Amino acid sequence: MTRARALWLCLAVFALGGVGYWGFKAAGLAGLDAGIASEALLVLLVVGWTGSYLFRVITGRMTFMEQRRRYRSAYDALTTDQLREHFESLSPEEQQALLEEVGQ
């Protein structure tokens, strides 16, 4: 997540608090009760969000880790293909010498 996206997300949560306050106030709650209700809603939202983050950390399903796995598997496949092509381009004698060398 970029810094700009994180800032937009923080502003959205801040705006959600204001919208929640005015929504609870429009629903008939007094000013203090509407503030407490909107704060409780935001606390539950942040706790749920943090819980989902911790769950992704524990299970290893974070975005960076997923990208790293995909990159590593693509890199391994490319490297394997390049090594196979290079091996097949060798003469049979060179292939046999290489196999004997690796076997030791």
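Here the structure is a predicted model, which means the values were calculated and not measured.

Calculation notes
Residues numbered from 1 in each chain as written. Predicted model: local features only at pLDDT ≥ 70, side-chain atom pairs only at ≥ 80, totals over all residues. Heavy atoms only, no water. Helix = DSSP H or I, 4+ residues; strand = E, 2+ residues; numbered from the N terminus. Rg over C-alpha atoms; globule rule 2.2 N^0.38 Å. Buried < 20%, exposed > 50% of the residue type's maximum accessible area, 1.4 Å probe, protein only. Areas by Shrake-Rupley, 256 points an atom, 1.4 Å probe, with all protein chains shown as cover. Lys, Arg positive; Asp, Glu negative; His and termini not counted. Charge placed at Lys NZ, Arg CZ, Asp CG, Glu CD. Contact = heavy atoms within 4.5 Å. Patch = residues over 30% accessible without salt bridge, like charges linked within 9 Å, V, L, I, M, F, W, Y side chains within 5 Å. Salt bridge = Lys/Arg side-chain N within 4 Å of Asp/Glu carboxyl O. Expected span 1.5 Å × (residues − 1).

Trainee: Help me understand the overall build of the protein, please; the structure alone is not making it clear to me.
Mentor: Regarding its fold elements, the protein presents four helices and zero strands. For the protein, the N- to C-terminal ordering of α and β elements is α-α-α-α. For a compact globule of 104 residues, the expected C-alpha radius of gyration is about 13 Å, and the protein comes in at 28 Å, more than 25% above that figure. Out of the 104 residues in the protein, the part that is buried amounts to 7%. Accessible surface, the protein as shown: approximately 8,900 Å² in total, 66% of it carbon and sulfur. Of the charged side chains in the protein, 10 are positive and 11 negative, and the gap between their average positions amounts to 20 Å.

Trainee: Help me out: how do you make sense of the side chain of serine 38 in this one?
Mentor: If you trace the backbone, serine 38 turns up in helix H2 (residues 31-59). Excluding its chain neighbours within four sequence positions, the residues that come into contact with serine 38 are Gly17, Gly20, Tyr21 and Phe24.

Trainee: What exactly am I supposed to notice about a nonpolar patch on the surface here?
Mentor: A contiguous nonpolar patch, built from Tyr53, Leu54, Val57 and Ile58 and spanning about 410 Å² of accessible area, is present on the exposed surface. Looking at the element boundaries, isoleucine 58 is found in helix H2. A residue is classified by how much of its surface remains accessible, and isoleucine 58, at 73% relative accessible area, is exposed.

Trainee: Could you clarify how one ought to interpret H2 in this entry?
Mentor: Side chains that are three or four residues apart share a direction in an α-helix, a result of its 3.6 residues per turn. Taking 1.5 Å of rise per residue, 29 residues should cover 42 Å, and H2 covers 42 Å from first to last C-alpha, within 8% of that figure. Restricting attention to buried positions, one finds in H2 the residues Ala34, Ser38 and Leu42. Tucked into the core, H2 has its buried residues touching helix H1 (3-26). A positive backbone phi angle near 75 degrees is found at glycine 60, which sits one or two residues after H2.

Trainee: Before we go on, may I ask you to explain the pattern of salt bridges in this structure?
Mentor: A side chain of one charge can pair with a side chain of the opposite charge when the charged atoms of the two come close. Summed over all chains, the structure comprises three salt bridges. Arginine 69 serves as the salt-bridge partner of glutamate 66, at 3.3 Å between the closest nitrogen and oxygen. In this pair, glutamate 66 and arginine 69 both sit in helix H3 (residues 63-89), three residues apart, roughly one turn of the helix. Glutamate 66 gets classed as partly exposed once you look at its relative accessible area, which sits at 30%. We note a salt bridge from arginine 72 to aspartate 76, for which the minimum N-O separation is 3.4 Å. Placement of both arginine 72 and aspartate 76 in helix H3 is noted, with a separation of four residues, approximately one turn of the helix. When its relative accessible area of 34% is taken as the criterion, aspartate 76 is described as partly exposed.

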